[in-house]
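Given next are the chains, with one letter for each unit.
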Amino acid sequence: MRAHPRQNTIASVRRERGLTIIIGYKLIKGGLWLVFAVLLIVLMQMGIGDEIQGIADHVRHHSGAWSLELADMLVRASTRRGLWTLFVALIADGSLTLVEAWALIRGHWWGPWLVVVATGSLLPFEIIALVRHPHVSRALLFAVNLLIVWYLGRKALREHRARVSHPGSAER
């Protein structure tokens with residue numbers, strides 16, 4: 001008996017351009033967040049909290065209204081607890097983002113759903129942040145995430161319908 005060859009090997013899968021872009025985005029973002037987390041730990045060991053506090057004090061006393069907000073953010077982040085919170089958030093988000101990319105690369109049926117749920121669940125918070133502090137970068141980030149949710153949600157529904165109409169097809 002001959003072994004049945006796998007129908008979908010990584011090398012032979014041809015992905016839609018949109019999916020390839022999303023995978024690239026997820027890999028870059030997840031990798032950067034983990035690099036930033038490691039960098040943060042190194043900087044914390046070098047005493048960055050005290051440095052940030054000094055920068056925040058300088059910004060607070062020598063600048064305009066927009067930079068007061070920046071100074072307050074720096075002060076909140078410069079506490080040991082704030083830096084550890086940032087570290088944990090970077091590790092968690094970076095890891096989840098890399099798992100999302102891995103699931104999409106491997107072609108798991110649940111991969112698009114994971115991205116839709118993880119990304120879509122944060123959209124209300126992005127809307128609140130955008131309303132409270134309107135900024136072009138926030139609007140762009142919201143639009144990109146909304147586009148990812150829409151695209152992968154549509155793709156996942158199409159694939160689900162195809163699996164239901166052809167129940168004998170192999171699922172991962």
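Just above, that's the structure.
Residue numbers here run from 1 along each chain, matching the order of that chain's written sequence. It should be noted that, the model being predicted, local features are given only for residues of pLDDT at least 70 and side-chain atom pairs only at 80 or more, the latter also being counted only at that level, while totals for whole chains, interfaces and linings use all residues. Excluded from the side-chain calculation are hydrogens and water; included are all heavy atoms of the structure.

### Points about the overall build of the protein
Right, on to step 1. Only DSSP runs of H or I reaching four residues or more are called helices, and only runs of E reaching two or more are called strands; each is numbered from the N terminus. The helix and strand inventory of the protein stands at seven helices and zero strands.
Right, on to step 2. Across the protein, helices and strands are ordered from the amino to the carboxyl terminus as α-α-α-α-α-α-α.
Right, on to step 3. Buried, partly exposed and exposed residues are distinguished by accessible area as a fraction of the type maximum, computed with a 1.4 Å probe on protein chains only: under 20%, between the cut-offs, and over 50%, respectively. In the protein, which comprises 172 residues, the proportion classed as buried is 27%.
Right, on to step 4. Any pair of residues with heavy atoms lying within 4.5 Å of one another is described as a contacting pair. For the protein, the proportion of contacts with a sequence separation of at least 24, taken over those separated by at least 6, is 68%.
Right, on to step 5. Carbon together with sulfur atoms contributes 69% to the accessible area of the protein, which is approximately 11800 Å² in total. Areas reported as accessible are Shrake-Rupley estimates using a 1.4 Å probe. Residue values count occlusion only from the protein chains shown.

### Here's the deal with the pattern of salt bridges
Right, on to step 1. Any Lys or Arg side-chain nitrogen found within 4 Å of a carboxyl oxygen on Asp or Glu counts as a salt bridge. Under the definition given, this model contains five salt bridges.
Right, on to step 2. Note that Glu16 is salt-bridged to Arg158, the shortest N-O span being 3.3 Å. Placement of the pair is Glu16 in the segment before helix H1 (17-45) and Arg158 in helix H7 (residues 136-165), with a sequence separation of 142 residues.
Right, on to step 3. Residue class for Glu16 comes out partly exposed when judged on its relative accessible area of 33%.
Right, on to step 4. A salt bridge links Lys26 to Glu100, with the nearest nitrogen and oxygen atoms 2.7 Å apart. On the criterion of sequence distance, the pair formed by Lys26 in helix H1 and Glu100 in helix H4 (residues 80-106) is long-range, its members being 74 residues apart. As far as burial versus exposure is concerned, Lys26 and Glu100 are alike and both buried.
Right, on to step 5. Beyond isolated ion pairs, a larger network of salt bridges with shared partners links Glu16, Lys155, Arg158 and Glu159.

### Here we look at the packing of H1 against H7
Right, on to step 1. Axis definition: a line fitted to C-alpha atoms, over the contacting stretch in the case of helices. Angles run 0 to 180 degrees between N-to-C directions. As a packed pair, H1 and H7 sit with axes 11 Å apart at the nearest point and diverge in direction by 130°. Comparing the axis directions of H1 and H7 gives the class oblique. By crossing handedness, the relation of H1 to H7 is classed as left-handed. Counted together, Gly18, Leu19, Ile22 and Tyr25 of H1 and Leu141, Asn145, Ile148, Tyr151, Leu152 and Lys155 of H7 form the full contact between these two elements. Each angle gets one of four labels, with under 35 degrees taken as roughly parallel, over 145 as roughly antiparallel, 65 to 115 as roughly perpendicular, and the rest as oblique. Take the far helix as the reference: if the near one is turned anticlockwise from it by less than a right angle, the crossing is left-handed, and if turned clockwise, right-handed.

### Structural notes on the packing of aromatic side chains
Right, on to step 1. Classification of ring pairs uses Phe, Tyr and Trp, with its six-membered ring standing for Trp, and accepts pairs whose centres are within 6.5 Å; under 30 degrees between planes counts as stacked, over 60 as edge-to-face, and the remaining range as tilted. Across all of its chains, the model carries three aromatic pairs by this definition.
Right, on to step 2. For the pair Trp84 and Phe87, a centre-to-centre distance of 5.4 Å together with 85° between the ring planes defines the contact as edge-to-face. You can see Trp84 and its partner Phe87 sitting in helix H4, three residues apart, about one turn around the helix.
Right, on to step 3. Under the relative-accessibility criterion, Trp84 is labelled partly exposed at 35%.
Right, on to step 4. For Phe87, a relative accessible area of 19% translates into the label buried.

### Let's talk about the packing of helix H5 (residues 111-120) against H7
Right, on to step 1. Relative orientation of the contacting elements H5 and H7 amounts to 150°, with a least axis distance of 9 Å. With respect to the hand of their crossing, H5 and H7 are arranged in left-handed fashion. On the side of H5, the interface is formed by Pro112, Trp113, Val115, Val116, Thr119 and Gly120, while H7 contributes Asn145, Ile148, Val149, Leu152, Gly153, Ala156, Leu157 and Glu159.

### Some points on H4
Right, on to step 1. Expected helix span is computed as 1.5 Å times (number of residues minus one). With 27 residues, H4 should reach 39 Å at 1.5 Å per residue; the first-to-last C-alpha distance of 39 Å fits that figure.
Right, on to step 2. When we look at burial in H4, the residues that qualify are Gly82, Leu83, Phe87, Leu90, Gly94, Thr97, Glu100, Ala101, Ala103 and Leu104.
Right, on to step 3. In the stretch just after H4, Gly107 is the one whose phi turns positive, near 75°.

### Structural notes on the nonpolar core
Right, on to step 1. For the purposes of this section, nonpolar cores are sets of buried Ala, Val, Leu, Ile, Met, Phe, Trp, Tyr and Cys residues that join through side-chain atoms within 4.5 Å. Leu19, Ile22, Ile23, Leu104, Val115, Val116, Leu123, Phe142, Ile148, Val149, Tyr151 and Leu152 form the largest nonpolar core, which has twelve residues in total.
Right, on to step 2. The element contributing the most residues to this core is H7, with five residues.
Right, on to step 3. Discounting chain neighbours no more than four positions away, the residues touching Tyr151 are Glu16, Gly18, Leu19 and Ile22.
Right, on to step 4. If you look at the next biggest cluster of nonpolar residues, it comprises seven residues, including Ala37, Ile48, Leu83 and Leu90.

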